[in-house]
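# Inside the fold
What follows is each chain in one-letter form.
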Amino acid sequence: MPIIDTVRNLLTRNKIPTLDTLQMSDLLHHLFTTAEKTERIQVAEAVYRHDHGHPSALDVFLPAHFPWLRRPRAVGRTRYSFTHQIGNLN
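Quantities reported herein were computed from a predicted structural model and do not represent experimental measurements.

### Quick word on helix α2 (residues 21–33)
- Its 13 residues give α2 an end-to-end C-alpha distance of 18 Å, which sits within 8% of 18 Å, the value for a rise of 1.5 Å per residue.
- Regarding α2, the residues found buried are Met24, Leu27, His30 and Leu31. Buried residues of α2 fall within an arc of 125° about the axis and therefore sit on the same side. Exposed side chains of α2 directed beyond 90 degrees from the buried face belong to Thr21, Leu22 and His29.
- The inward-facing, buried residues of α2 abut α1 (3–13), α3 (37–50) and α4 (57–65).
- Looking at where α2 begins, the residue whose side-chain oxygen comes 3.1 Å from the main-chain nitrogen of Leu22 is Asp20.

Printed below as a string of structure tokens:
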């Protein structure tokens, strides 16, 4: 499935599609490097609000919402914030 279709599927269904390791890697690379800002924000919102229980939710949320996260401390703080905010949603 092409990346554009994968992103469209995710945004339409508000669910992370079933992907193999290579497809997930391609999706994350797309979100981190080539996706438009609007698309990244829509993906991050869909994952955060509707599919936060998915095993890859944090993996998709980070590059979608914070493509500038290249420093380990920033990633750690964001991971902590994501997991604790999700706990407050449940």
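Moving on from the model shown.
### Some thoughts on the packing of α3 against α4
- Closest axis-to-axis distance for the α3/α4 pair is 8 Å, and the angle between their directions is 150°. Taken as axis vectors, α3 and α4 run roughly antiparallel relative to one another. In this structure, α3 crosses over α4, and the sense of that crossing is left-handed. When α3 is examined against α4, the residues Arg40, Ile41, Val43, Ala44, Val47 and Tyr48 are found in contact with a partner set consisting of Ala57, Val60, Phe61, Pro63, Ala64 and His65.
- Partitioning the contact of α3 with α4 into residue classes produces 10 nonpolar, one polar and one charged.

### Details of α1
- Every buried residue belonging to α1 is among Thr6, Val7, Asn9 and Leu10, and all of these are buried. Buried residues along α1 cover an arc of 160° about the axis, so they all sit on one side.
- Buried residues in α1 make contact with α2, α3 and α4.
- Immediately beyond the C-terminal end of α1, within one or two residues, lies Asn14, with a positive phi of roughly 55°.

### So, the confidence of the model for the protein chain
- Averaged over the protein chain, the pLDDT score is 81; the fraction of residues at 70 or greater is 71%.
- Within the protein chain, α1 carries the highest mean pLDDT (94), whereas helix α5 (residues 72–89) carries the lowest (60).

### As for the environment of Phe32
- Along the polypeptide, Phe32 turns up in helix α2.
- Spatially, the C-alpha atom of Phe32 lies 9.4 Å from that of Val60, the residues being 28 residues apart in sequence.

### Concerning the environment of Val47
- With respect to the helices, strands and loops of the structure, Val47 is situated in helix α3.
- Under the relative-accessibility criterion, Val47 is labelled buried at 1%.

Quick notes on the rules
- Residues numbered from 1 in each chain as written.
- Predicted model: local features only at pLDDT ≥ 70, side-chain atom pairs only at ≥ 80, totals over all residues.
- Heavy atoms only, no water.
- Helix = DSSP H or I, 4+ residues; strand = E, 2+ residues; numbered from the N terminus.
- Expected span 1.5 Å × (residues − 1).
- Buried < 20%, exposed > 50% of the residue type's maximum accessible area, 1.4 Å probe, protein only.
- Arc of directions from axis to C-beta.
- Contact = heavy atoms within 4.5 Å.
- Polar contact = N/O pair within 3.5 Å; in protein donor to acceptor, adjacent residues only side chain to side chain.
- Axes fitted to C-alpha atoms, helices over the stretch in contact; angles between N-to-C directions.
- Parallel < 35°, antiparallel > 145°, perpendicular 65-115°, else oblique.
- Left-handed = near helix turned anticlockwise from the far one by under 90°.
- Nonpolar A, V, L, I, M, F, W, Y, C, P; charged D, E, K, R; others polar.
- pLDDT = per-residue confidence, 0-100.

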